[in-house]
Each structure stands twice: as C-alpha cells, then as structure tokens.
Amino acid sequence: MLATYRKDGSVLLSPVWHQWRDGGFDVLCEPNDIKVRHLQRDPRASILVYDNEPPYRGVDIRTTAQLSDIDRAEFVLDMSIRYLGREAGKAYAAGSADSALVRLEPGHVRTWDFAGEI
C-alpha cells in the first residue's frame, strides 16, 4: 500500500506492485498516474507491506520518494511474473509502455512480527 498526499493534505492510499531492491522499494506507475502527480508536488510518501495471514508481520516506511522515468521493460518483467505468474507476467510485460519508477528508501521504519504471539 502506497500513501501519497493530495493537494488538500489528505492521504491517498493505493495498492501497488512493489519489489525490494538494493535497500529500498521500487514501485512502478504510469507516468501520468495520480500517485506520480502527487509525488511531483509533494515527495513525502509511505509504503506499507504486510502479511494478511499469520504470523502477521510487516514494515511501514515513511520517506521522501524519488521519481525517475524508466524503460519499463527493465523492471516490469520480474515484477509482473511475481504478481501474475510466468505466462501471464510475460504477456503483461510485453504490452507495457514506459513508466515512472517510484523509489522508496527507508527513512522512518516501523516493523512488527507476531510470530511468537500466535
């Protein structure tokens, strides 16, 4: 879940595909996506990644997002396969256009893990 800020200061929560790479999260968005427009105006962001099943663990990172235009093929194939499976992921990646990469490197980090409590 990615949190960005609207013009009025309220938060927009958006489910996103993400991957952990080189000490931070990568999130792919369409270049004109509302999340990208929010981050261009106000780069504050949070990402929340969690398990919905026991042991109920997760991480919440508040940080300043970095945006860059990328060749989508560089990142989308691995991420598509992760979320859609090999065949559907390859098909999705083959039809994809350029994207904006949202890079979220840890700022303030909060984690939880209830493995010992369940």
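**Things to note about unusual backbone geometry**
Trans peptide bonds make up the majority, and among non-glycine residues the majority have a negative phi.
Step number 1: For the peptide bond that leads from Pro 54 to Pro 55, omega is 20°, which places it in the cis range.
Step number 2: Mapped onto the secondary structure, Pro 55 falls in the loop between strand 5 (44-50) and strand 6 (57-64).
Step number 3: The backbone phi angle of Asp 22 is positive, close to 50°, even though this residue is not glycine.
Step number 4: Within the element layout of this structure, Asp 22 appears in the loop between strand 3 (18-21) and strand 4 (24-29).
Step number 5: Even without glycine at this site, Tyr 56 takes up a positive phi of about 50°.

**Details of the nonpolar core**
Step number 1: Ranked by size, the top nonpolar core spans 15 residues in total, and within it Phe 25, Val 27, Ala 45, Ile 47, Ala 65, Val 102 and Leu 104 carry the most contacts.
Step number 2: For this core, the secondary structure elements donating two or more residues are strand 4, helix 1 (34-41), strand 5, strand 6 and strand 8 (99-104).
Step number 3: Those residues in contact with Ala 45 that sit more than four places away from it in its chain are Leu 2, Ala 3, Leu 39, Ile 61, Arg 62, Thr 63, Ala 65 and Leu 104.
Step number 4: Counting six residues, the second-largest nonpolar core is a separate cluster that includes Leu 28, Val 76, Met 79 and Leu 101.

**Regarding the sheet that holds strand 2 (residues 11-14)**
Step number 1: In space, the five strands of this open sheet follow the order 2-1-5-6-9, with antiparallel pairing throughout. Edge positions in the sheet fall to strand 2 and strand 9 (108-113), since each has one partner strand and no second. Between one strand axis and the next, the sheet turns by 15° as a mean value, whatever way the strands run.
Step number 2: The sheet contacts of helix 1 involve strand 1 (2-5), strand 2 and strand 5, and relative to strand 1 the element is tilted by about 55°.

**Things to note about the pattern of salt bridges**
Step number 1: All told, the structure shown has eight salt bridges when counted by the stated rule.
Step number 2: With a shortest N-O distance of 2.5 Å, Arg 21 and Asp 26 are connected by a salt bridge.
Step number 3: Judged by relative accessible area, Arg 21 falls into the partly exposed class, the value being 27%.
Step number 4: The class of Asp 26 is buried, set by a relative accessible area of 0%.
Step number 5: Residues joined in a network through salt bridges with shared partners are Arg 21, Asp 22, Asp 26, Arg 103 and Glu 105.

**Observations regarding the side chain of Thr 4**
Step number 1: When you line up the elements, Thr 4 lands in strand 1.
Step number 2: Thr 4 has contacts with Ser 10, Val 11, Leu 12, Lys 35, His 38, Leu 39 and Arg 44, leaving out every residue within four places of it along the chain.

Rules used throughout
Residues numbered from 1 in each chain as written. Predicted model: local features only at pLDDT ≥ 70, side-chain atom pairs only at ≥ 80, totals over all residues. Heavy atoms only, no water. Helix = DSSP H or I, 4+ residues; strand = E, 2+ residues; numbered from the N terminus. Core = buried A, V, L, I, M, F, W, Y, C linked by side-chain atoms within 4.5 Å. Buried < 20%, exposed > 50% of the residue type's maximum accessible area, 1.4 Å probe, protein only. Contact = heavy atoms within 4.5 Å. Pairing = 2+ DSSP bridges. Axes fitted to C-alpha atoms, helices over the stretch in contact; angles between N-to-C directions. Salt bridge = Lys/Arg side-chain N within 4 Å of Asp/Glu carboxyl O.

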